[in-house]
Amino acid sequence: MMTPAQLIFRVILVGVGAAAIMDVWAVIAEALFAIPQSNFAMVGRWLGHMPQGSFSHDSIRAAAPITGEATLGWAVHYLVGVIFAAFYVGVGGQRQLRQPNVVIALMIGVGTIVFPFFLMQPAMGAGVMASNRPDPAFAQLKSLMSHLSFGVGLYVAAWLQATLLPPGRPQLKDVTG
C-alpha cells in the first residue's frame, strides 16, 4: 500500500507523462500527416475570459487576447492530464500504478473526448463536436486521435513509473537494541 504522498507523486508522474505523450503524438502527426497541433493558447484565452463572466464565444480566436494565455493554456493542459490520471487510478485502483491495464487506460483516454466535443468546442465557437468548423469530420478525427494517444500515454506512463520506481522493499526491524 502506498502512502498518500507516494500515490499523489505517482499520479502526477502518470498525468504529466500521458499529456507529454499526447503532445509528442501531436508533433508526429503534424510532421507526418500535416495535422496542425492544438493551440493551447486558445484554451488559456477561453479560461482567461471566465473571471469577467464570459464563458462562451462566437469565436475564441476573435476574443481579446489575455496576458499569459499560452502559459495558462499549457499549464491547464498538464493539470487536466493529472486530473484524468487520478480518475484512471480511481477507476482501476492503485493496481494501475503497479500493473497498468491497457484497456482501462484506452477507455479513459477515449472517454475524455466528451470534454472537447461537448464543452470546450461549443464554448469556444466551434460547435458541438466541431460542427461549426470547415471540416468537422477532420476535427473530430483529430480529437479522437489526440485522446486515444492520451490513453496510450496513460498506459505507457503508468508502466514506466511502475518499472522505474518499483515499490520499496520492506525494511527489516533493528533487533539489536
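Whatever comes next refers back to the structure up there.
These remarks concern the structure in this document.

The rules behind the values
Residues numbered from 1 in each chain as written. Predicted model: local features only at pLDDT ≥ 70, side-chain atom pairs only at ≥ 80, totals over all residues. Heavy atoms only, no water. Helix = DSSP H or I, 4+ residues; strand = E, 2+ residues; numbered from the N terminus. Patch = residues over 30% accessible without salt bridge, like charges linked within 9 Å, V, L, I, M, F, W, Y side chains within 5 Å. Areas by Shrake-Rupley, 256 points an atom, 1.4 Å probe, with all protein chains shown as cover. Salt bridge = Lys/Arg side-chain N within 4 Å of Asp/Glu carboxyl O. Buried < 20%, exposed > 50% of the residue type's maximum accessible area, 1.4 Å probe, protein only. Contact = heavy atoms within 4.5 Å.

Some thoughts on the environment of Ala-70
Inspection of the secondary structure puts Ala-70 in helix α3 (residues 69-92). When the C-alpha positions of Ala-70 and Ala-31 are compared, they lie 22 Å apart, and in sequence the two are 39 residues distant.

Considering a nonpolar patch on the surface
Among the surface-exposed residues, Phe-9, Leu-13, Trp-159, Leu-160, Leu-164 and Leu-165 lie close enough to one another that they form a single nonpolar patch of about 570 Å² accessible area. Only α1 (4-33) and α7 (136-164) provide two or more residues apiece to the nonpolar patch. Tallying contributions element by element places α7 first for the nonpolar patch, with 3 residues. Its relative accessible area of 36% is what places Leu-160 among the partly exposed residues.

What about the environment of Ala-162?
The topology assignment puts Ala-162 in helix α7. For Ala-162, a relative accessible area of 13% puts it in the buried group. Sequence separation between Ala-162 and Gly-90 is 72 residues; the distance between their C-alpha atoms is 17 Å. Other than its neighbours up to four places away in sequence, Ala-162 contacts Leu-97 and Arg-98.

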